[in-house]
Amino acid sequence: MKQLTICTRRYNQQLEDFAACAKESGSITMLKLDWDGGLFSACFKYDHTRLAFVKELMSLLVDITVQENPIYQHSPKLQSIAYDLRKTPLYQAEQDSLAQFLKHSRVMHLEGYATFRMAQYREKLDMMSYTLIKKLKLNQQD
């Protein structure tokens with residue numbers, strides 16, 4: 001069992017929901033949920049040999065990445081298109097990268113990880129949104 005602390009400034013509800021689901025599925029043993037100076041953190045132990053935990057955490061990070069993108073924030077239809085990226089090699093590469101990160105780190109900041117370590121994923125989301133907007137504009141011109 002390894003210990004991990006995940007912290008966030010804006011996604012405390014998502015982190016709480018993640019922790020509750022992971023605890024219920026047996027992926028984690030909860031140690032503490034706490035606010036400290038505007039930073040919400042969840043500290044827990046997890047079985048680093050179980051891929052299920054990495055998959056659950058990757059899902060949370062993808063949700064945050066989509067929410068961070070202003071184009072996808074307010075459109076459930078666009079969000080569902082964005083979630084289609086979960087079936088791509090890029091998603092698998094990001095998940096493998098997350099597994100590597102967890103092997104060497106005991107602390108994760110959700111927004112920081114989604115912004116910096118998932119840069120390729122974010123760029124792909126941006127390209128998808130650009131393509132969709134371009135198609136919409138072309139359809140409006142017809």
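In the block above lies the structure referred to throughout.
**Q** Would you mind going over the packing of helix H2 (residues 51-68) against helix H6 (residues 110-117) in detail, with residue names and values included?
**A** Direction vectors running N to C along H2 and H6 enclose 75°, while the axes themselves pass 9 Å from each other. For the element pair H2 / H6, the angle class is roughly perpendicular. Every residue of H6 that contacts H2 at Leu60, Leu61, Ile64, Thr65 and Glu68 is listed here: Leu110, Glu111, Tyr113 and Ala114. For the contact of H2 with H6, the per-class residue count stands at 6 nonpolar, 1 polar and 2 charged.

**Q** Now, about the sheet that holds strand S3 (residues 39-46): what can you tell me, with residues and values included?
**A** Strand order in the open sheet made by the 4 strands is S2-S3-S1-S4, with mixed pairing throughout. For this open sheet the edge positions go to strand S2 (28-36) and strand S4 (107-109), each flanked by a neighbour on one side alone. Strand after strand, the sheet turns through a mean of 20° between neighbouring axes, direction not considered. The sheet contact formed by strand S1 (residues 2-8) and S4 spans 3 bridges and is parallel. Bridging from a neighbouring strand, Cys7 pairs with His109 of S4. Here H6 sits on the sheet in contact with S1 and S4, set at roughly 75° to S4.

Here is what the cut-offs are and how they apply
Residues numbered from 1 in each chain as written. Predicted model: local features only at pLDDT ≥ 70, side-chain atom pairs only at ≥ 80, totals over all residues. Heavy atoms only, no water. Axes fitted to C-alpha atoms, helices over the stretch in contact; angles between N-to-C directions. Helix = DSSP H or I, 4+ residues; strand = E, 2+ residues; numbered from the N terminus. Parallel < 35°, antiparallel > 145°, perpendicular 65-115°, else oblique. Contact = heavy atoms within 4.5 Å. Nonpolar A, V, L, I, M, F, W, Y, C, P; charged D, E, K, R; others polar. Pairing = 2+ DSSP bridges.

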